[in-house]
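Results of the structural survey
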Amino acid sequence: MKNKYRILKIAVTVIILGFLLSFSLKKFSGQKITDNEISVKMSEKTPVYFIDEKDIREIVKKENPSGKVGDLNIPALEKKINALPAVDSANIYLNLNGKLNLDIKQRVPVFRLNKNGRDFYVDDKGIEFPISKTYSHPCMLVTGDVQKDEYRKLAELVEKIDKDDFSKKYFIGISKDNDDYNLLTSEGNYKVEIGDLDNIEFKVKGFKTFVEKYLVYQDPEKYRMVSVKYQNQIVTTLNPYFKENDSILNATHKELAKASVVPIKKPDDKPKPDEIKKTNKPTSSLKPKTVNKPKETKKTEKKSTAAKPKTKAKIKIE
């Protein structure tokens, strides 16, 4: 009898609790979600404003036109918000008091890429997402035919530049020409050629050494390129439009154009017919009955040929 009484007591308690629970759920599902009961939190570390609370609230109203808790499909709402290009993740849940909480994490651009006439952002995960018409995030500008498998390495390079005070001061952009990457600088018109995206720290360190030991004493406008892509080498290219470099380059080009070998003029071995006739004719200055000896003529010819200096080719390069 005691066991039957206990079983009956437990059954009655379960029925009462079930009734109360069903009544509570019915009342809870019929409760409306007002704007005050919707909490939207943007949980990204770096503040970005691609979407705001107003946009999220409008999506909630479209997904739940009745505004009732029972008509709200939380998995479908999460899927809708996660489908937004600028959203990295969304976590949605309801409290027991009927308050709807939405924790939104937006994508933070690492760089902005201009590729084939199209502009878009890329985050640290290498994911593309379009630029916004209402908000522009300040980040590194990259141009050129960058492949998708290079996004992650390029993002790492930009993050290293942003964290280093020296690099952040000098480098304001990145361009890709053919297969080589170039860092665009804020001082002068020159660019720093780094080649591929390997050994970035070593290459930046080499450029830093060049700046501290040499470039600080020079006008940065005189260079067009500083290349650090070769191992243990720094190669510089002068800017032809710089005033001092222009005069040096022009002078060099002129001297190289003039530097051609001048042919050496050889004296004629045989005298010309006119000269032979003139030498055979007697002149008034010569004494009569004098005969020119052949030996003497040979000597005079040798002296005359020896008197003529030989011209040599001269090349002058300044």
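This section reports on the structure supplied with the text. The structure presented is a predicted model; accordingly, all values stated were derived computationally and were not measured.

When you go through the protein residue by residue, the secondary structure sums to nine helices and 12 strands. In the protein, which comprises 318 residues, the proportion classed as buried is 27%. Pairs at least 24 residues apart make up 51% of the contacts formed inside the protein by residues separated by at least 6 positions. Summed over its atoms, the accessible surface of the protein is roughly 23500 Å², and 55% of this surface lies on carbon and sulfur atoms.

With that settled, consider the sheet that holds strand β4 (residues 109-115). Ordered by their spatial adjacency, nine strands build an open sheet running β6-β5-β4-β7-β8-β9-β10-β11-β12, and the pairing between neighbours is mixed. Edge strands, defined here as strands with exactly one partner in the open sheet, are β6 (128-130) and β12 (235-238). Neighbour to neighbour, the strand axes of the sheet diverge by 25 degrees on average, direction disregarded. Packing against the sheet, helix α4 (residues 151-163) makes contact with β4, β5 (118-123), β6, β7 (140-143), β8 (171-177), β9 (180-185) and β10 (191-195), and its axis sits at approximately 125 degrees to β4. Across the face of the sheet, helix α6 (residues 200-213) comes into contact with β8, β10, β11 (223-227) and β12 while running at roughly 150 degrees to β10.

The next subject is the packing of aromatic side chains. Summed over all chains, the structure comprises 13 aromatic pairs. Here F111 and Y151 contribute two aromatic rings whose centre-to-centre distance is 6.3 Å and whose plane-to-plane angle is 70 degrees, an arrangement assigned as edge-to-face. With F111 in strand β4 and Y151 in helix α4, this pair connects stretches of sequence that are 40 residues apart. A centroid spacing of 6.3 Å and a plane angle of 75 degrees characterise the contact between F210 and Y223, whose relative ring orientation is edge-to-face. Residue F210 is found in helix α6, and its partner Y223 is found in strand β11; the two are separated by 13 residues along the sequence. As far as burial versus exposure is concerned, F210 and Y223 are alike and both buried. Aromatic rings pair up to connect Y49, F50, Y121, F129 and Y135 into one cluster.

A cluster of acidic side chains, namely D124, E156, E159 and D162, defines a negative patch on the protein surface. Looking at the secondary structure, you find D162 in helix α4. Looking at D162, the relative accessible area reads 40%, which means it is partly exposed.

The next subject is α4. In this model, α4 (13 residues) spans 18 Å end to end at C-alpha, consistent with the 18 Å of a helix rising 1.5 Å per residue. Along α4, the positions that sit buried rather than exposed are Y151, L154, A155, L157, V158 and I161. Looking straight down α4, one finds its buried side chains confined to an arc of 160 degrees; they lie on one side.

It is worth spelling out the pattern of salt bridges at this point. Throughout the structure, instances matching the rule amount to 15 salt bridges. With its nearest N and O atoms 3.5 Å apart, the salt bridge here joins D88 to R107. Taken together, the positions of D88 in strand β2 (residues 87-94) and R107 in the loop between β3 (100-106) and β4 put the pair 19 residues apart, joining distant regions of the chain. The pair formed by D88 and R107 is uniform in burial state, with each residue classed as buried. One salt bridge connects D196 with K203, and the closest N-O pair in it is separated by 2.8 Å. The exposure class assigned to K203 is buried, which follows from its relative accessible area of 8%. Each of the salt bridges in this network shares a partner with another, and the network as a whole consists of D88, K105, R107, D123 and K125.

With that settled, the discussion passes to the packing of helix α2 (residues 53-63) against helix α3 (residues 74-82). The contact between α2 and α3 brings their axes to 11 Å, and the two run at 140 degrees. What the angle tells us is that α2 and α3 run oblique. α2 and α3 meet at a crossing whose hand is right-handed. Note on element contacts: α3 touches α2 through L77, K80 and I81, opposite I56, I59, V60 and E63.

Here the focus is a nonpolar patch on the surface. On the surface, a cluster of nonpolar side chains totalling about 270 Å² of accessible area is made up of L8, V12 and I16. Its place among the elements puts L8 in helix α1 (residues 2-29).

With 33 residues, the main nonpolar core has F111, L154, L157, I174 and F207 as its most contacted residues. In terms of residue count, the dominant contributor to this core is α4 (six residues). Those residues within four positions of L154 in sequence are excluded, and the remaining contacts are F111, V142, V146, I174, Y181 and L197.

Basis of the calculations
Residues numbered from 1 in each chain as written. Predicted model: local features only at pLDDT ≥ 70, side-chain atom pairs only at ≥ 80, totals over all residues. Heavy atoms only, no water. Helix = DSSP H or I, 4+ residues; strand = E, 2+ residues; numbered from the N terminus. Buried < 20%, exposed > 50% of the residue type's maximum accessible area, 1.4 Å probe, protein only. Contact = heavy atoms within 4.5 Å. Areas by Shrake-Rupley, 256 points an atom, 1.4 Å probe, with all protein chains shown as cover. Pairing = 2+ DSSP bridges. Axes fitted to C-alpha atoms, helices over the stretch in contact; angles between N-to-C directions. Phe/Tyr/Trp six-rings, centres within 6.5 Å; stacked < 30°, edge-to-face > 60°. Patch = residues over 30% accessible without salt bridge, like charges linked within 9 Å, V, L, I, M, F, W, Y side chains within 5 Å. Salt bridge = Lys/Arg side-chain N within 4 Å of Asp/Glu carboxyl O. Lys, Arg positive; Asp, Glu negative; His and termini not counted. Charge placed at Lys NZ, Arg CZ, Asp CG, Glu CD. Expected span 1.5 Å × (residues − 1). Arc of directions from axis to C-beta. Parallel < 35°, antiparallel > 145°, perpendicular 65-115°, else oblique. Left-handed = near helix turned anticlockwise from the far one by under 90°. Core = buried A, V, L, I, M, F, W, Y, C linked by side-chain atoms within 4.5 Å.

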